[in-house]
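# Structural characterization, general
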Amino acid sequence: MPNRRFADGEVVMGRWPGSVLYYEVQVTNYDDVTHLYTVKYKDGTELALKESDIKSQSSFKPRKSQSSSSSPSRRSTSRSRSRSPGRPAKGRRRSSSQSRERKDDKKKIIQETNLALLKPSENNTRRYNGEPDSTERNDTSSKILEQKLKPDLEIERVLDKYSLRPREEEKKKEEIYSEKKVFEMVKTTEKVSSKTKELEFGGRFGTFVLIFFLPATVFYLLLMCEQDDPSLMNFPPPMPALESLWEARVFGVFLLWFFLQALFYLLPIGKVVEGLPLSNGTKLQYRINGFYAFVLTAAIIGILLYFQFELHYLYEHFLQFAVSAAVFSMGLSIYLYIRSLKAPEEDLAPGGNSGYLVYDFFTGHELNPRIGSFDLKYFCELRPGLIGWVVINLVMLLAEMKIHNQSMPSLSMILVNSFQLLYVVDALWNEEAVLTTMDITHDGFGFMLAFGDLVWVPFVYSLQAFYLVGHPTAISWPAAAAIIILNGIGYYIFRSANSQKNSFRRNPADPKLAYLKFIPTATGKGLLVTGWWGFVRHPNYLGDIIMALAWSLPCGFNHILPYFYVIYFICLLVHREARDEHHCKKKYGLAWERIPGFINSH
């Protein structure tokens, strides 16, 4: 194994990938497996370099002999003295061709730099025409490119001063580097190291605990709702017999539901759109038909109700359905991890490629696992769990009417069903927007998303409706009106903020978005600093919290249990805020840090 030459913390000169320029960097890490050094530039950009691309600072100190020979008159005198009439002309041709090659290399660097530093006013359409989007994961900042430009401009001035430009006919023959060439150069630097170095969720130990903690939390909440007095004083709730938690018929019904939604997903209805570019520049295709699947599901439920099919069965076996969903999600997660071991490197998730089994199993090892054209992650994101949430709420409404002998559901139950139905329909109607979320673009499909989509969403998000069946709560019409207004405010913030973000990501040059201001970044993307995204860093989360409060208020204030979703979402917001802050700072560099100052100055 080769010996390590540079130590951590040592300040050296690192070559910028794809160029001949060296910049002052600090060594932060060394990988014994790949033998690559992780170095940090002055603006915070981190890259992985080979040892051959790193030199000590001493080798860049200027020499007196070089400075003394830099005068044009001295160089010309030296050449005239050393040139002999009897020396073959071949040597002169060789030296002139070598000089021309060096000047061509310098000119090529200048062309690359000029293309990478297009002004925002000149780049409104060119920067967002498809290709630059896939450079988003590159951490290059504008400061590095400015530093790269300065020495090249000096080279240009020297060439102009001493008339060392290539001849016009040679100029015409030079290949002009396009933006795609610059993009490919940046991509090369990204692919040097694809291993996940920064572990989230508490690392290996934290993810191991979460694999057991998340199912335990779901079962605890459902068991507490079944108690006559679901207060914290009655913790822990009595555990049912283990054999009562499993029933083959219930598991069969769950499988029927899952594959029915899969059938709806495969129907050739709805438009086909492209997702955001992957690391290799390709774009996956997705069929947008979630709302059609919802309509078909509603038609089937209506038919079952017309023929007086007993949907009360779901309420009576609610805990068993939760167990069946958890078992299925665990089996799906195991399948996903096994198949990911054979996936090529470019198909792995950037956040789930640590090399640690438990961590990658939890976060998801493969980014977009597919069976043919069937995208497993995208399907589970919106179909079985989200539509199942609405069906569960409807069953709870019917169960309340049956158990309490009511001809009409309570006002509290109507509010909870209506608010959450609006949320689900909105998500399905704007299904295309999910393609720009971190779940699709960054997170792999593993236990975290599989359990969240198939268990947490349908069985925890329906907690208020399940609570109201056993603990009816009466509210007045004025209170109901106030709650409706609160939910409307939260929904307006949530929808308008997400619409701004998704429209800007899709087409920043859209004339409808001309009123929005943004900060250009070195990734070729822009950061919104006006609208809702100038008012608060994550306005979509603010809208979510307000809506979650409106969903819980119809349950009254007798117990804290119905407000679990609010508490959970605040905790989730804190985690996502820290997570998003880290990712955005790493992705956008100095531009992300400029946002608060820009907003305050405007």
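Residues numbered from 1 in each chain as written. Predicted model: local features only at pLDDT ≥ 70, side-chain atom pairs only at ≥ 80, totals over all residues. Heavy atoms only, no water.

## Let's talk about the pattern of salt bridges
Within this structure, the stated rule accounts for 8 salt bridges. Arg-383 is the salt-bridge partner of Glu-431, the closest N and O atoms lying 2.9 Å from each other. One end of the pair, Glu-431, is in the loop between helix H15 (411-429) and helix H16 (438-441); the other, Arg-383, is in the loop between helix H13 (376-382) and helix H14 (384-403), with 48 residues separating them in the sequence. Considered together, Glu-431 and Arg-383 belong to a single accessibility category, that of buried residues. (Salt bridge = Lys/Arg side-chain N within 4 Å of Asp/Glu carboxyl O. Helix = DSSP H or I, 4+ residues; strand = E, 2+ residues; numbered from the N terminus. Buried < 20%, exposed > 50% of the residue type's maximum accessible area, 1.4 Å probe, protein only.)

## Overview of helix H17 (residues 447-460)
In this model H17 runs just 17 Å from its N-terminal to its C-terminal C-alpha over 14 residues, more than 12% under the 20 Å that 1.5 Å per residue would give. Largest kink in H17: about 40°, centred on Asp-453. (Expected span 1.5 Å × (residues − 1). Bend = angle between axes of the 7 residues up to and from the residue.)

## As for the UniProt feature "transmembrane region" (unreviewed entry) in the protein
The UniProt entry lists residues 205-224, 244-267, 288-307, 319-338, 449-469, 475-494, 515-536 and 556-575 under the feature "transmembrane region" (unreviewed entry), expressed in the numbering used here. Taken end to end, residues 244-267 is 79% helix and 0% strand, and its first and last C-alpha atoms sit 37 Å apart. Here residues 475-494 is 90% helix and 0% strand, with 26 Å between the C-alpha atoms at its ends. (UniProt positions renumbered as here; feature names shortened; annotations may be inferred.)

## Quick look at H14
Each α-helix winds once per 3.6 residues, and so residues spaced three or four apart point in a common direction. The first and last C-alpha atoms of H14 sit 27 Å apart over 20 residues, in line with the 28 Å expected at 1.5 Å per residue. Of all 20 residues in H14, 16 are buried; the element is thus mostly enclosed. Just beyond H14, the residue with positive phi is Asn-405, at close to 55°.

## A short note on the environment of Gly-14
Inspection of the secondary structure assignment puts Gly-14 in strand E1 (residues 11-15). Placed 10 residues apart in sequence, Gly-14 and Glu-24 show a C-alpha to C-alpha distance of 6.3 Å. In contact with Gly-14, not counting residues within four places along its chain, are Leu-21, Tyr-22, Tyr-23, Val-25, Tyr-41, Leu-49 and Asp-53. (Contact = heavy atoms within 4.5 Å.)

## Some remarks on the environment of Trp-551
With respect to the helices, strands and loops of the structure, Trp-551 is situated in helix H21 (residues 539-552). Considered as a pair, Trp-551 and Tyr-461 are 90 residues apart in the sequence and their alpha carbons are 9.8 Å apart. Once you skip the residues sitting within four places of it in the chain, Trp-551 turns out to touch Trp-389, Val-416, Phe-419, Gln-420, Tyr-423, Gln-464, Asn-487 and Tyr-565. Of note is the side chain of Trp-551, whose polar atom sits 3.3 Å from the side chain of Asn-487. (Polar contact = N/O pair within 3.5 Å; in protein donor to acceptor, adjacent residues only side chain to side chain.)

## Considerations on the packing of aromatic side chains
A full pass over the atoms with the stated rule returns 38 aromatic pairs. On the basis of an interplanar angle of 70° and a centroid distance of 6.0 Å, the ring pair of Tyr-315 and Phe-466 is categorised as edge-to-face. Of the two residues, Tyr-315 sits in helix H10 (residues 312-316) while Phe-466 sits in helix H18 (residues 463-470), which places them 151 residues apart along the sequence. Comparing Tyr-315 with Phe-466, the two get one shared label, buried. (Phe/Tyr/Trp six-rings, centres within 6.5 Å; stacked < 30°, edge-to-face > 60°.)

## A closer look at the sheet that holds strand E5 (residues 54-55)
Taking strand neighbours across the sheet as the criterion, the 5 strands line up as E4-E3-E2-E1-E5 in an open arrangement whose pairing is antiparallel. The sheet is open, and its two edges are formed by strand E4 (46-49) and E5, each paired on a single side. (Pairing = 2+ DSSP bridges.)

## Quick word on the side chain of Thr-217
Here Thr-217 lies in helix H7 (residues 203-225). A residue is classified by how much of its surface remains accessible, and Thr-217, at 12% relative accessible area, is buried. If near-sequence neighbours (up to four positions away) are discounted, Thr-217 is found in contact with Trp-456 and Phe-564.

## Quick notes on the packing of H14 against H18
What describes two packed helices is the angle between their axes and the distance between those same axes. Contact geometry of H14 with H18 gives a least axis separation of 9 Å together with a crossing angle of 5°. For the element pair H14 / H18, the angle class is roughly parallel. Across the interface between the two elements, Asn-393, Met-396, Ala-399, Glu-400 and Ile-403 from H14 touch Ala-465, Phe-466, Leu-468 and Val-469 from H18. Per-class residue counts for the contact of H14 with H18 are 7 nonpolar, 1 polar and 1 charged. (Axes fitted to C-alpha atoms, helices over the stretch in contact; angles between N-to-C directions. Parallel < 35°, antiparallel > 145°, perpendicular 65-115°, else oblique. Nonpolar A, V, L, I, M, F, W, Y, C, P; charged D, E, K, R; others polar.)

## Details of the confidence of the model for the protein
When pLDDT is averaged along the protein, the result is 77, and 68% of the positions lie at 70 or above. Confidence drops under a pLDDT of 50 for residues 106-193, and excluding neighbours within four residues, the segment shows 131 contacts in the predicted structure. Here residues 598-602 is a poorly scored stretch, pLDDT under 50, and it has 7 contacts once near neighbours within four places are set aside; other chains count. (pLDDT = per-residue confidence, 0-100.)

## Examining a nonpolar patch on the surface
A cluster of nonpolar side chains, contributed by Phe-205, Phe-208, Val-209, Phe-212 and Phe-213, occupies part of the molecular surface with about 570 Å² of accessible area. In this fold, Phe-208 is placed in helix H7. You can call Phe-208 partly exposed: its relative accessible area is 43%. (Patch = residues over 30% accessible without salt bridge, like charges linked within 9 Å, V, L, I, M, F, W, Y side chains within 5 Å. Areas by Shrake-Rupley, 256 points an atom, 1.4 Å probe, with all protein chains shown as cover.)

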